[in-house]
Amino acid sequence: YKCYTVCWGGSGFEQSLAMHPTLGQIQRGKLCEIIQVTPNWLQTCCSQDKLISRSKCPTFFRPVSWPVRRLLPPTSTDKKEMGPNLEEGTKEQQSHPVRVALSGIRGSLRSAIIHWIRALGASVDDAMERHKTTHLICQVAAPQQESSSTSELKHEKAKEWGIHVVSVEWLFHVSQYGFSGKKGGTIGGGGCESQFPVSPPKRMTTRRTNN
């Protein structure tokens, strides 16, 4: 038997689980296997209508040992501190929301990323919108998922519109260290997007041979 415990994690969460009366009894009696998962895992299973292995997207499905941070841009009065774990942002932060679009990402990973973005307080755009979408999370697509030409066009249009093009690693990084990142953002209080660049996908070409 398996028992799934759902939590975000945070400092000391392992000790908290061990002290839980029900879970402690299960562990001592070895009644079943306890598997720790995030609310993201539960939401993804529901949206995909199937039980998904935690190893499918361990980055988003395993509880973390640090407090998850909100995805909010820094205020003009404080460019570094992002505020306590998962609290509401200031009016200034709420007036400049983070809006994310995805490219080349499909299946359970796409669902996991969407739920993670929303949990951090940002929103997801089905398609990029000029002057509204702030970030494009890009992944080189396999031919059967999304054509490389489509991904390349999205990448080029995002650059043209001033939208940050970043990798999936950026999302996980800012959830741990905040919008400015571990090393700090750009001069003027910007984010750490430049630390997670994505090269534009290359279009597939076919060669003709003479028989």
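Predicted, not measured: the structure shown is a model, and the values here were computed from it. (Residues numbered from 1 in each chain as written. Predicted model: local features only at pLDDT ≥ 70, side-chain atom pairs only at ≥ 80, totals over all residues. Heavy atoms only, no water.)

### Some thoughts on the overall build of the protein chain
Alright, step 1. On a plain count of helices and strands, the protein chain comes out with eight helices and six strands.
Alright, step 2. Taken from N to C terminus, the helices and strands of the protein chain fall in the order β-α-α-β-α-α-α-β-α-β-β-α-β-α.
Alright, step 3. Each of the 211 residues in the protein chain was classed as buried or not, and the buried ones make up 43%.
Alright, step 4. Look at the contacts in the protein chain between residues 6 or more apart in sequence, and 67% of them connect residues 24 or more apart.
Alright, step 5. Accessible surface for the protein chain amounts to roughly 12,600 Å². Of this, 50% is attributable to carbon and sulfur atoms. (Helix = DSSP H or I, 4+ residues; strand = E, 2+ residues; numbered from the N terminus. Buried < 20%, exposed > 50% of the residue type's maximum accessible area, 1.4 Å probe, protein only. Contact = heavy atoms within 4.5 Å. Areas by Shrake-Rupley, 256 points an atom, 1.4 Å probe, with all protein chains shown as cover.)

### Remarks on the sheet that holds strand β5 (residues 135-138)
Alright, step 1. On the basis of which strands lie adjacent, the open sheet formed by four strands has the order β4-β3-β5-β6 and parallel pairing. At either end of the open sheet lies a strand with only one pairing partner, and these are β4 (123-124) and β6 (164-166).
Alright, step 2. Across two bridges, strand β3 (residues 99-103) lies against β4 in parallel orientation. The residue bridging R99 from the neighbouring strand is S123, located in β4. (Pairing = 2+ DSSP bridges.)

### Observations regarding the side chain of H135
Alright, step 1. In this structure, H135 sits in strand β5.
Alright, step 2. For H135, the residues in contact, after removing those within four places along its chain, are V98, R99, V100, A101, I163, H164, W170, F179 and E193.

### Quick word on the pattern of salt bridges
Alright, step 1. Taken as a whole, this structure holds four salt bridges when the rule is applied.
Alright, step 2. Between D125 and R99 there is a salt bridge; the shortest N-O distance is 2.9 Å. Highlighted residues: D125 in the loop between β4 and β5 and R99 in strand β3, separated in sequence by 26 residues. Like D125, the residue R99 is buried in the burial classification.
Alright, step 3. For E160, the salt bridge identified is with K157, shortest N-O distance 3.4 Å. With E160 and K157 both in helix α7 (residues 148-160) and three residues apart, this pair spans about one turn of that helix. (Salt bridge = Lys/Arg side-chain N within 4 Å of Asp/Glu carboxyl O.)

### Observations regarding the nonpolar core
Alright, step 1. Ranked by size, the top nonpolar core spans 33 residues in total, and within it F60, L71, I113, I117, I137, W170 and L171 carry the most contacts.
Alright, step 2. Only β2 (33-37), α3 (39-48), α4 (58-61), β3, α6 (107-119) and α8 (168-177) provide two or more residues apiece to this core.
Alright, step 3. Apart from the residues lying within four places of it in its own chain, the contact partners of I137 are V100, A101, L102, S103, I105, I113, I117, V166, S167, V168, W170 and L171.
Alright, step 4. A101, A158, V165 and V198 belong to the second-largest nonpolar core, a separate cluster that totals eight residues. (Core = buried A, V, L, I, M, F, W, Y, C linked by side-chain atoms within 4.5 Å.)

### A few points about the pairing of β5
Alright, step 1. On β5, burial covers both faces: H135 and I137 on one face and L136 and C138 on the other are all buried.
Alright, step 2. Alignment of β3 against β5, held across four bridges, turns out to be parallel. Bridge pairing links V100 to H135 in β5.
Alright, step 3. Across three bridges, β5 lies against β6 in parallel orientation. Bridge pairing in β6 places L136 opposite V165.

### Considering the confidence of the model for the protein chain
Alright, step 1. Taken residue by residue, the protein chain gives an average pLDDT of 78. The fraction at 70 or more is 73%.
Alright, step 2. Mean pLDDT values for the elements of the protein chain range from 46 in helix α5 (residues 91-94) up to 95 in β3.
Alright, step 3. Note on residues 141-145: pLDDT under 50 across the span, and six contacts to partners over four residues away in sequence or across chains. (pLDDT = per-residue confidence, 0-100.)

### Side note on the packing of α3 against α6
Alright, step 1. Interhelical geometry of α3 versus α6 gives an angle of 130° and a closest axis separation of 9 Å. Accordingly, the angle class assigned to the pair α3 and α6 is oblique. In the packing of α3 onto α6, the handedness of the crossing is right-handed. Here α3 contributes N40, Q43, T44, S47 and Q48 to the contact with α6, which in turn contributes G107, S108, S111, A112, H115 and W116.
Alright, step 2. Taken together, the residues of the contact of α3 with α6 sort by class into two nonpolar, nine polar and no charged. (Axes fitted to C-alpha atoms, helices over the stretch in contact; angles between N-to-C directions. Parallel < 35°, antiparallel > 145°, perpendicular 65-115°, else oblique. Left-handed = near helix turned anticlockwise from the far one by under 90°. Nonpolar A, V, L, I, M, F, W, Y, C, P; charged D, E, K, R; others polar.)

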